[in-house]
Amino acid sequence: MSKPLGMDRGLTNYGDRDFSRYLRRSFARSMGISGELLDRPVVGIAVSGSGFNNCHRTMDELAEAVSRGVLAAGGLPAIFPTISLGEVFLNPTSMMFRNLMSMDVEEMIRAQPMDSVVLIGGCDKTVPAQLMGAISAGRPAIQLVTGPMMTGRYCGERLGACTDCRRFWAKYRAGEVAEKEMADVEGSLAVTAGTCAVMGTASTMACVAEALGMSLPGTAAIPAVHSARLVAAEESGKAAARLASHPITPDQIVTSDSVENALRVLLALGGSTNAVINLAAIAGRLGIPFSLNRLNQMSDETPVLVDLKPVGEGYMEDFYAAGGVGALLRELRPLLNLDCIGVDGRKLRERLDADDPDWVDRKIIHSFAEPISPNGGIVALSGSLAPQGALLKRAAASPSLFEVEGHAVVFEGLEDMAARIDNPELDVKQNDILVLKNAGPQAAGMPEAGYIPIPGKLARAGVKDMVRISDARMSGTAYGTIVLHVAPESAAGGPLAIVRTGDRIALSVAEKRIDLLVPEEEQKRRFASWSPPPQPDRGYAALYRRSVLQAPQGCDFDFLVRSRFKVSQ
């Protein structure tokens, strides 16, 4: 007997299968769907729009275009909602709710009668949440991203969220820009629907999804308001209808080889450090080992080729016009695993062989022979301060700060930092190292607070960068010599928990180390009097605190990962 398709999949349990089928079809007919269409394979369309998510403002028209493609290819589209994660509208941070959304996506795919699914999302944690959920559900799935914003203009200057947001805010804190001008700039930074206009986390994850093979080729970088974005949606619907009849499941696409391809693309983009956490979580859903040592090996041999903010000068609309992910993959071809399969059923080798190498804008996508930098944009650090690892986005950092030793100026948490960072009495010098504790996944949900502001008095004196260290994350749109994701985090009893103001810390990018220069006996003495922060006593916060893993394991929940998943140093 063939496996049931469409509306016959996963019938509601009433103790009578035939009655369940009869009742389901009857209720479906109440929605005005003909019996003929009810006999077709069903393609679910997971939408994540919300009044609290500007990145997803085009969700309705994208879903309509997907539906059009599904119908054209002989399927029945079924739109269904999931949680929406709007980055700047969530407290304490969207990262705290990524796993919750992944569970929502997984269970709704599994529980409802769909043969395949199109996942529509864009904002930072949405795409990884959708991929994680779809992978665990095991149903054929295609990722469709909402696409990046177009840039705005201010006094003849092109602006895009959110690297330029941070640049102007730094000028404002330094007293270089007046409040009236900041109000004018505010309306020019994010002027269309879509995700951030630079190579931030959302755009990085869009490119990662395409590199994994989970999105249709050529769809990652199309701007949100470009007509080609709707065409991509329609084509995604057609492809999903084909997958309903000829399944390719996520575990056939997301493999150790395709994860390495995605890491190569991330490194060549100079992309967001958040993508490392998200890729670790995606790999973990399939038990694929994720090695920070391997990340470093790949980073040392993978050049940065893409000149976009915050690492370079361009914007996502430039990347799309320059050739997008396809052009980048062609440059990286000697380093890629070419037998990986994508949602279109083709191997990567076949895609690249078929690609028409049209004109490529070499100001935006450099050739492999003439890279922006010979090494990848991200490096993993280890050492006595981060026994399980930490990350530095070296492509966005100051090389003059790569080999330094300095005194720590410590903030015990987010409130302490907010209260003291601009205090004129703060004892801090340019060559000191700023340290933020208790901002990791267990303590605070791991917000994007790792972009510690330059203390007010130093900013006004012209200081643009300092070494900053934390167990927090940083927005993919940010920049600076910032050590992130220190693991174990403070709240889990990592060495960061016992760092005190005045301690000496050494950073060596060449040696890939971050070390606390405090004698071991003194460290033991401090740990003897240390205690973890109190735990939440109820609700999702309590579940999150007791179940979340550390950054090198992707900050997923321990009960959601495959048991064979591990992180190697």
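Residues numbered from 1 in each chain as written. Predicted model: local features only at pLDDT ≥ 70, side-chain atom pairs only at ≥ 80, totals over all residues. Heavy atoms only, no water.

Concerning the overall build of the protein
Along its length, the protein carries 21 helices and 16 strands. The C-alpha radius of gyration of the protein comes to 24 Å, within 12% of the 25 Å expected for a compact globule of 569 residues. Looking at the 569 residues of the protein, the share that counts as buried comes to 60%. Residue pairs at least 24 apart in sequence account for 76% of intrachain contacts in the protein once pairs closer than 6 positions are excluded. Looking at the protein as shown, the accessible area adds up to about 22,100 Å², and 52% of this sits on carbon and sulfur atoms. Looking at the protein, you have 59 positive and 65 negative side-chain charges, and the mean spots of the two groups are 3 Å apart. (Helix = DSSP H or I, 4+ residues; strand = E, 2+ residues; numbered from the N terminus. Rg over C-alpha atoms; globule rule 2.2 N^0.38 Å. Buried < 20%, exposed > 50% of the residue type's maximum accessible area, 1.4 Å probe, protein only. Contact = heavy atoms within 4.5 Å. Areas by Shrake-Rupley, 256 points an atom, 1.4 Å probe, with all protein chains shown as cover. Lys, Arg positive; Asp, Glu negative; His and termini not counted. Charge placed at Lys NZ, Arg CZ, Asp CG, Glu CD.)

Let's talk about the environment of Met182
Within the element layout of this structure, Met182 appears in helix α7 (residues 179-186). In this structure, the C-alpha to C-alpha distance between Met182 and Phe168, residues 14 residues apart in sequence, is 7.4 Å. In this view, Met182 contacts Phe168, Trp169, Tyr172 and Val177; residues no more than four positions away in its chain are not counted.

Observations concerning helix α4 (residues 95-111)
For α4, spanning 17 residues, the distance from its first C-alpha to its last is 25 Å, which sits close to the expected 24 Å at 1.5 Å a residue. Here the buried face of α4 lies against β2 (76-81), β3 (116-121), α5 (126-137), α12 (274-284) and α21 (539-547). (Expected span 1.5 Å × (residues − 1).)

Topic: the pattern of salt bridges
Applying the stated criterion across every chain, the model contains 44 salt bridges. With a shortest N-O distance of 3.1 Å, Asp184 and Lys180 are connected by a salt bridge. Taken together, the residues Asp184 and Lys180, both in helix α7 and four residues apart, mark about one turn of the helix. The residue Asp355 makes a salt bridge to Arg330 at a minimum N-O spacing of 3.4 Å. Here Asp355 is found in the loop between α16 (348-354) and β8 (379-383), whereas its partner Arg330 is found in helix α15 (residues 324-332), with 25 residues between them in sequence. A residue is classified by how much of its surface remains accessible, and Arg330, at 23% relative accessible area, is partly exposed. Within this structure, Glu87, Asp124, Lys125, Glu448 and Arg473 form a network of salt bridges that share partners. (Salt bridge = Lys/Arg side-chain N within 4 Å of Asp/Glu carboxyl O.)

Here's the deal with the pairing of strand β13 (residues 482-487)
Burial within β13 is extensive, with six of its six residues counted as buried. Pairing between strand β12 (residues 468-470) and β13: two bridges, direction parallel. Each residue of the ladder has a partner; that of Arg468, found in β13, is Ile482. (Pairing = 2+ DSSP bridges.)

Details of the sheet that holds β3
Pairing in this open sheet of four strands is parallel, and the strands run β2-β1-β3-β4 from one edge to the other. Looking at strand neighbours, the two that pair on one side only are β2 and β4 (141-145), the edges of this open sheet. Across the sheet, the mean angle separating the axes of adjacent strands is 20° when strand polarity is ignored. In terms of strand pairing, β3 meets β4 through five bridges, oriented parallel. Paired with Leu119 across the strands is Gln143, a residue of β4. Contacts from helix α9 (residues 227-245) reach β1 (42-47), β3 and β4 within the one sheet, and its direction differs from that of β4 by about 175°. (Axes fitted to C-alpha atoms, helices over the stretch in contact; angles between N-to-C directions.)

Quick look at the nonpolar core
Among the nonpolar cores identified, the biggest contains 115 residues, and Ile109, Ile120, Leu212, Val254, Phe290 and Phe319 are the most heavily contacted of them. Apart from residues no more than four positions distant in its own chain, Val254 is found in contact with Ile135, Leu212, Met214, Val259, Ile282, Leu286 and Ile288. In terms of nonpolar packing, the next biggest core, distinct from the first, is built from 25 residues, Val379, Leu381, Ala386 and Ala390 among them. (Core = buried A, V, L, I, M, F, W, Y, C linked by side-chain atoms within 4.5 Å.)

Describing the packing of aromatic side chains
With the rule as written, the count across this model stands at 11 aromatic pairs. Taken together through their ring pairs, the aromatic side chains of Phe97, Tyr540, Tyr544, Phe557 and Phe559 make up a single cluster. (Phe/Tyr/Trp six-rings, centres within 6.5 Å; stacked < 30°, edge-to-face > 60°.)

Describing the packing of helix α11 (residues 256-269) against α15
Closest axis-to-axis distance for the α11/α15 pair is 11 Å, and the angle between their directions is 105°. With respect to α15, the axis of α11 lies roughly perpendicular. Within the contact between the two elements, α11 uses Arg264, Val265, Ala268 and Leu269 and α15 uses Leu328, Leu329 and Leu332. In terms of residue class, the contact of α11 with α15 is made up of six nonpolar, no polar and one charged. (Parallel < 35°, antiparallel > 145°, perpendicular 65-115°, else oblique. Nonpolar A, V, L, I, M, F, W, Y, C, P; charged D, E, K, R; others polar.)

A short note on the packing of α5 against α12
Axis separation between α5 and α12 bottoms out at 9 Å; the angle between their running directions is 10°. When the interaxial angle is binned, α5 and α12 end up roughly parallel. Only Asn278, Ala281 and Ile282 of α12 make contact with α5, whose side of the interface consists of Pro128, Leu131, Met132 and Ile135. When grouped by side-chain class, the residues that make up the contact of α5 with α12 number six nonpolar, one polar and no charged.

Thoughts on the confidence of the model for the protein
Summing up the model confidence of the protein, the mean pLDDT is 95 and the portion of residues at 70 or higher is 98%. Low confidence marks residues 564-569, where pLDDT is under 50. Its contacts with residues over four positions away, or in another chain, come to 23 contacts. (pLDDT = per-residue confidence, 0-100.)

Side note on unusual backbone geometry
Negative phi is the rule for most residues except glycine; trans is the rule for most peptide bonds. The amide bond that connects Ala161 to the next residue, Cys162, takes the cis arrangement and shows omega of 0°. Its place among the elements puts Cys162 in the loop between β6 (157-159) and α6 (163-173). With an omega dihedral of 10°, the bond running from Lys309 to Pro310 counts as a cis peptide bond. Even without glycine at this site, Cys155 takes up a positive phi of about 50°. For Lys512, which is not a glycine, the phi torsion comes out positive at approximately 60°. Summarising the element assignment, Lys512 is placed in the loop between β14 (504-508) and β15 (513-516). Using a relative accessible area of 17% as the deciding quantity, one classes Lys512 as buried.

Examining the pairing of strand β10 (residues 403-411)
For β10 and β14, the ladder comprises five bridges, and the chain directions are antiparallel. The residue bridging His407 from the neighbouring strand is Arg504, located in β14. Of the strand pairs in this sheet, β10 and strand β11 (residues 433-436) are connected by four bridges, and their pairing is parallel. Along β11, the bridge assignment pairs Phe411 with Leu436.

As for the environment of Val311
Mapped onto the elements of the fold, Val311 is located in the loop between α13 (292-301) and α14 (316-322). Considering only alpha carbons, one finds Val311 and Ile372, 61 residues apart in sequence, at a separation of 9.9 Å. Contacts of Val311, omitting those with residues within four sequence positions, involve Gly270, Lys393, Ala395 and Ala396.

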